[in-house]
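Structural characterization, general
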Amino acid sequence: TLQENWWHLDEHHRFNWGLAEGEDVHAVEMRRFVTASNKLRTSAAGMIEDDTRFVHEDGGSSVFAFLRGSEPQKACLCILHLGEAQWDNCGYAICTGWGGGTVWKLALNSQSGEFGGWDGSGTPESTADGGGKIHINIPKWSLLVYRPA
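Report follows, based on the coordinates. (Residues numbered from 1 in each chain as written. Predicted model: local features only at pLDDT ≥ 70, side-chain atom pairs only at ≥ 80, totals over all residues. Heavy atoms only, no water.)

So, about the overall build of the chain. Scanning the chain from N- to C-terminus turns up 1 helix and 8 strands. Counted from the first residue to the last, the chain has its helices and strands arranged as α-β-β-β-β-β-β-β-β. Counting over 149 residues, the chain shows a buried share of 34%. Summarising the internal contacts of the chain: among those between residues at least 6 apart in sequence, 56% fall at separations of at least 24. Of the accessible surface of the chain, which amounts to about 8,800 Å², a share of 53% is contributed by carbon and sulfur atoms. (Helix = DSSP H or I, 4+ residues; strand = E, 2+ residues; numbered from the N terminus. Buried < 20%, exposed > 50% of the residue type's maximum accessible area, 1.4 Å probe, protein only. Contact = heavy atoms within 4.5 Å. Areas by Shrake-Rupley, 256 points an atom, 1.4 Å probe, with all protein chains shown as cover.)

In structure tokens:
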């Protein structure tokens, strides 16, 4: 597995795990994010299902979304943004792959204040419009995970 030898075979290129210990602010934020990610993975059945569907691709803005899980209450909408731009005031529409009316609640935001980002960087909740799109904030360099409410 990737955990053998802490992800690299050459000891001179392995991650220095000592950097993640202690009270360094960045280490604390990273531990919080890993903890939140692990909690989401164990609480959201869709995160471990084999069913994955790509539902949104915007290569020009480097925004991609995929849906994990096949049943409405197990699903997770994962949104990845790989760029410097950001959208505030619910200024970005993401296709959810489902019809309108579904309320999507933010379950994980990599740019949340507790992880070193900023409060308000993500939209806490959004209802899909008639075309199945949610209108949300998307922070720069982020991973957002939404679940049906």
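Having put the structure on the table, let's press on.
Once that is clear, we can look at the side chain of Thr123. Here Thr123 lies in the loop between strand S5 (103-109) and strand S6 (125-127). With relative accessibility at 5%, the residue Thr123 sits in the buried group. When residues no more than four places from it in sequence are discounted, the contact partners of Thr123 are Cys90, Leu106, His135, Ile136, Asn137 and Tyr146.

The sheet built from 6 strands is open, its strands ordered S1-S2-S3-S8-S5-S6 with antiparallel pairing. Pairing within the sheet leaves two strands with one partner each, and these edge strands are strand S1 (52-58) and S6. Mean inter-strand twist for the sheet, computed between neighbouring axes without regard to direction, equals 25°. Sheet topology note: the strand S2 (residues 63-68)/strand S3 (residues 76-81) ladder contains 6 bridges and is antiparallel. By the bridge assignment, Arg68 is partnered in S3 with Cys76. (Pairing = 2+ DSSP bridges. Axes fitted to C-alpha atoms, helices over the stretch in contact; angles between N-to-C directions.)

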